[in-house]
Amino acid sequence: MSIPSVQLIAAIMFGFGMTAMCFAQKLPYKDSALEVELRVKDLLGRMTLEEKISQMNMLSLSALELDENEIVDAASLESLFQGKSIGCLESPFIGVDQIAKLSEAADSYLRSKTRLGIPAIQIAECLHGQLAFGATIFPQAIAQGSTWNPELIQKMSSVIAEEASLSGVDQALSPLFDLARDPRYGRVEECYGEDPYHVAEMGKAFVIGMQGDPEFTKNQIPDNKLMCTAKHFVAYSTPIAGINLGPNNVGPRDLRDLHMYPFKKVIQEANIYSVMPAYNEVNGIPMHSNEYLMKDILRGELGFKGYVFSDYEAIWMLEHFHEVTSDKAETAIQTLMAGIDLEAPKPYAFSELAELVKTGKIDSTLIDQAVFNILTAKFKAGLFDKPYSAPHKVSDLIHTQKSKALAREIAEESIILLKNEADLLPLDVSKIRSIAVIGPNADQVQYGDYSATKDNASGVTLLEGIKNYVHNGVKVNYSHGCTITGLDDGDIPAAVAVAEQSDVVVLVIGGTSMTLSGIGWGKEIPGDFATSGEGFDRTDLTPPGIQPELIRAIHKTGKPIVLVMVHGRAYSIAWEKEHIPAIIEAWYPGEEGGNAIARILFGDVNPSGKLPVTVPKSVGHLPSFYNTKPSGKGFYHKPGTREKPGRDYVFSSPDPLFPFGHGLSYTQFEYSDLNVGDTKLDMDGSIHLSVNIKNIGGMTGKEVVQIYINDKVSSVTTPIKVLKEFRKIELVPAQTSTLDFVIPIEELGLWDKDMRYRVEPGEFEIMVGSSSEDIRLRKTIQIH
């Protein structure tokens, strides 16, 4: 026998011996008693280059097949995985029971049929409910932002996490920390609002509800919780001309003050586990190849410790859309150098990584770091220690009466009363014999983008909600009047006839979104295909189609009209504001929206939503947001006065149609006794203030108390007011409550001429109000 043969036999015997030892002794990476970092390092040291790269890629469970008995076909499992583990698995857009079966089969295969038994992270969209048939559909994100109630959103995201985890989901590709500062942009509906502080607070609440307490999630994700993904880093939602994927040439001061601020907060105060870079370029460099922003800023300055999950096909876009790389290899190099850990939705450029390492074009330590980040998330999420076992029937455990009640509560708190002339609302059932319900969204549920369905059977239309409320006590007449985007006015006369036969009209206009995302990119839009959502950007802000003509035709009847808007972006409704007595903003109010709006209309619920965005008078008034400073502090002027000359258009003022933070109530609130604990403060302290709020009306209601700050003299221009605190409070008639607020002095800082963040000494004005324009109390403090 030759020496090589002896060595071969010895090696084989050693291998069998090591395998036997594995059964007798738990490997370190499988020992849950060890620290996560030790487990990751142990596993990383056992992996081949190919196994590491596999962790940096993603596949979809949609490739698996269920037979007639709903058992996963073994051949489809082998075809998908081929004996290899994978970083992430996409949860398909099907029913929750089917997802659970696919999840269990995939998890079992990866644990038992791959060399090291590394489980995958199963991801799903969960922006306002798990994107799956059977899950609860909550109001869209823009409506969540309109609640101004972080505690309520935290409850919602906790329910979403519990529902999604039952079908095997480990990570949500949610929420968005983008700012909704251009209503032309189709994804406004996915955002919480325009203000960085407000967005940060709402987004943090979502993350804490879905991931768990930040002190706990430093080490692990609790049971029935999901890892969250902060999207889209950074400055994605304000592209040139409002066109999705467009470039953003934002300056460094606004980049930090506005766009980075919410990400900083969720990283440092909610311990977000994953970040998704934006599709677009920032100042000429696409985010998926932007080493400065993705490494120096995201990880270095902001302190992000999780893993970076690419947006779908965004790595491919470097070569084929942005055209900053010439081939897969160059694309892979730039992406990896920028700190992108995982490529979604499938391997493209990362298929070149092995060869690039072998030829010395990429340092293997970059691969190790990316895999270290991904494996750390897997261990902290408990994937190695908790194999997934599907419940008998997930659909029996979710979409409960409790979750539906929560969906209705959120919708009720999100609905905004924009106008209520002569107290037309609430409607008095005892004084109404008939009501006309008219409009393209009157008998159509609109859930918004990232929903699994557009089916009325899954939700409550407003027509149905009104019928549920009035029962047989009021005659309900219905006409759709027109379609959402169609130009045929043949049905308007029938709608006019219905209005003329009724005592009051509820006119339900608006838009519609795709159930899934991205469909609108570069596509023609047939019929009522979609008017908002990802890829559905608009050049005007009027209600689409002939809906304005429908509104005017109904107005001519002389009947009292309540205009209800169900849509995903702010509309410029200057004519409607002047002529329609009552206007309600409902956004996409989720599956219980019809019942929620009805309860607002008839006064069972007092409206308490506030605008999270500024509503411009027209497209020509863009940009329009409350804390703008394009012409210095005098850009906006007080009603009836001019703080500074030369800040108007020729035929119009720049004032908004409806201001940020606006929202009326059926009761009234009185503000008094603004007290500041110390008006002379050091830079390392906090502002302690209190204010009294009294319900001076005749109905129980909720008010959102908003705190704004103005740096009166600063070395660089600063906005005339910046939101720095808010609180929602419920008061019964005649009740007074004292609210206490604490604002860290650090929140009053600015980026100076040398781009250093500092709090400058001087005077700061504190403003307390019911909206950004309805300021009730003011006080000046001095910072030394």
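*Asks:* Which residues make up the overall build of the protein, and what are the values?
*Replies:* Scanning the protein from N- to C-terminus turns up 21 helices and 26 strands. Here the protein has a C-alpha radius of gyration of 28 Å; the compact-globule value for 784 residues is 28 Å, and the two agree. Taking all 784 residues of the protein together, 59% fall into the buried category. When contacts within the protein are restricted to residue pairs at least 6 apart in sequence, those whose partners lie at least 24 apart make up 76%. Element-wise, carbon and sulfur atoms account for 52% of the exposed surface of the protein, whose accessible area totals about 30300 Å². One way to put it: in the protein the 73 positive side-chain charges average out to a point 4 Å from where the 101 negative ones average out.

*Asks:* For the packing of helix H16 (residues 401-414) against helix H21 (residues 593-601), give the residues involved together with the corresponding values.
*Replies:* Two elements in contact, H16 and H21, have axes whose closest approach is 8 Å; the angle formed by their N-to-C orientations is 45°. By the angle between their directions, the pair H16 and H21 is classed as oblique. You can see that H16 and H21 cross each other, and the crossing is right-handed. Residue-level inspection shows Arg 408, Ala 411 and Glu 412 of H16 in contact with H21, the latter providing Asn 595, Ala 596, Arg 599 and Ile 600. Taken together, the residues of the contact of H16 with H21 break down into 3 nonpolar, 1 polar and 3 charged.

*Asks:* Got a sec to walk through unusual backbone geometry? Specific residues and values, please.
*Replies:* A cis amide bond, omega 0°, links Phe 233 with the succeeding residue Val 234. Structurally, Val 234 is set in the loop between strand S5 (229-233) and helix H10 (252-270). Backbone torsion omega between Ala 344 and Pro 345 reads 5°, so that peptide bond is classified as cis. Its location among the elements puts Pro 345 in the loop between helix H13 (328-337) and helix H14 (353-358).

*Asks:* Got a sec to walk through the sheet that holds strand S14 (residues 561-566)? Specific residues and values, please.
*Replies:* Two pairing modes exist for strands in a sheet, parallel and antiparallel, and in both the strands are linked by backbone hydrogen bonds. The sheet built from 6 strands is open, its strands ordered S10-S15-S14-S13-S11-S12 with mixed pairing. On the outer flanks of this sheet lie strand S10 (416-420) and strand S12 (475-479), each paired with one strand and no other. Geometrically, the sheet is characterised by an average inter-axis angle of 15° between neighbouring strands, direction not taken into account.

*Asks:* Mind laying out the environment of Lys 84, listing which residues take part and the relevant values?
*Replies:* Following the sequence through the fold, Lys 84 ends up in the loop between helix H4 (74-81) and strand S2 (88-90). Remark: the alpha-carbon pair of Lys 84 and Ile 583, spanning 499 residues in sequence, is separated by 57 Å.

*Asks:* A description of the nonpolar core should follow, citing residues and the corresponding values.
*Replies:* Phe 233, Phe 309, Ile 438, Leu 507 and Ile 554 are the most contacted members of the largest nonpolar core, which has 154 residues in total. Those residues in contact with Phe 309 that lie beyond four places of it in its chain are Met 58, Cys 88, Ile 123, Gln 171, Leu 173, Ser 274, Val 275, Met 276, Pro 277, Leu 342 and Ala 344.

*Asks:* Requested: an account of the side chain of Gln 211, with residues and values cited.
*Replies:* Tracing the backbone through its elements, the reader meets Gln 211 in helix H8 (residues 196-211). Judged by its relative accessible area of 0%, Gln 211 is buried. Separated by 3.0 Å, the side chain of Gln 211 and the backbone nitrogen of Cys 228 make a polar contact.

*Asks:* Could you give an account of the pairing of S5, with specific residues and numbers?
*Replies:* Among the 5 residues of S5, 5 are classified as buried, and the element is accordingly described as predominantly covered. In terms of strand pairing, S5 meets strand S6 (residues 274-277) through 4 bridges, oriented parallel. Across the sheet, residue Thr 229 finds its bridge partner in S6, namely Ser 274. Considered for its hand, the β-α-β crossover made up of S5, H10 and S6 is right-handed.

*Asks:* Please set out the packing of aromatic side chains residue by residue, giving values where relevant.
*Replies:* For any pair of aromatic rings, the description rests on two quantities: the centre-to-centre distance and the angle between the ring planes. Using the criterion set out here, one finds 15 aromatic pairs in the structure. The interplanar angle of 85° and the centroid separation of 6.3 Å between the aromatic rings of Tyr 29 and Phe 384 together place this pair among those described as edge-to-face. Taken together, the positions of Tyr 29 in the loop between helix H1 (3-24) and helix H2 (36-46) and Phe 384 in the loop between helix H15 (364-380) and H16 put the pair 355 residues apart, joining distant regions of the chain. Taken as a pair, Tyr 29 and Phe 384 share a single burial class, namely buried. Here Trp 148 and Phe 660 contribute two aromatic rings whose centre-to-centre distance is 5.4 Å and whose plane-to-plane angle is 55°, an arrangement assigned as tilted. One end of the pair, Trp 148, is in the loop between helix H6 (141-147) and helix H7 (150-166); the other, Phe 660, is in the loop between strand S16 (630-633) and strand S17 (669-676), with 512 residues separating them in the sequence. Among the aromatic residues, ring-to-ring pairing joins Trp 148, Tyr 197, Tyr 626, Phe 660, Tyr 708 and Phe 726 into one connected group. Here Arg 256 stacks its cationic end above the ring of Trp 751, 5.1 Å away from the centre of that ring. A cation sits over an aromatic face here: Lys 577 above Phe 658, 4.8 Å from the ring centre.

Cut-off values and rules
- Residues numbered from 1 in each chain as written.
- Predicted model: local features only at pLDDT ≥ 70, side-chain atom pairs only at ≥ 80, totals over all residues.
- Heavy atoms only, no water.
- Helix = DSSP H or I, 4+ residues; strand = E, 2+ residues; numbered from the N terminus.
- Rg over C-alpha atoms; globule rule 2.2 N^0.38 Å.
- Buried < 20%, exposed > 50% of the residue type's maximum accessible area, 1.4 Å probe, protein only.
- Contact = heavy atoms within 4.5 Å.
- Areas by Shrake-Rupley, 256 points an atom, 1.4 Å probe, with all protein chains shown as cover.
- Lys, Arg positive; Asp, Glu negative; His and termini not counted.
- Charge placed at Lys NZ, Arg CZ, Asp CG, Glu CD.
- Axes fitted to C-alpha atoms, helices over the stretch in contact; angles between N-to-C directions.
- Parallel < 35°, antiparallel > 145°, perpendicular 65-115°, else oblique.
- Left-handed = near helix turned anticlockwise from the far one by under 90°.
- Nonpolar A, V, L, I, M, F, W, Y, C, P; charged D, E, K, R; others polar.
- Pairing = 2+ DSSP bridges.
- Core = buried A, V, L, I, M, F, W, Y, C linked by side-chain atoms within 4.5 Å.
- Polar contact = N/O pair within 3.5 Å; in protein donor to acceptor, adjacent residues only side chain to side chain.
- Right-handed = clockwise from strand over helix to strand, strands pointing away.
- Phe/Tyr/Trp six-rings, centres within 6.5 Å; stacked < 30°, edge-to-face > 60°.
- Lys NZ or Arg CZ within 6 Å of the ring centre and 35° of its normal.

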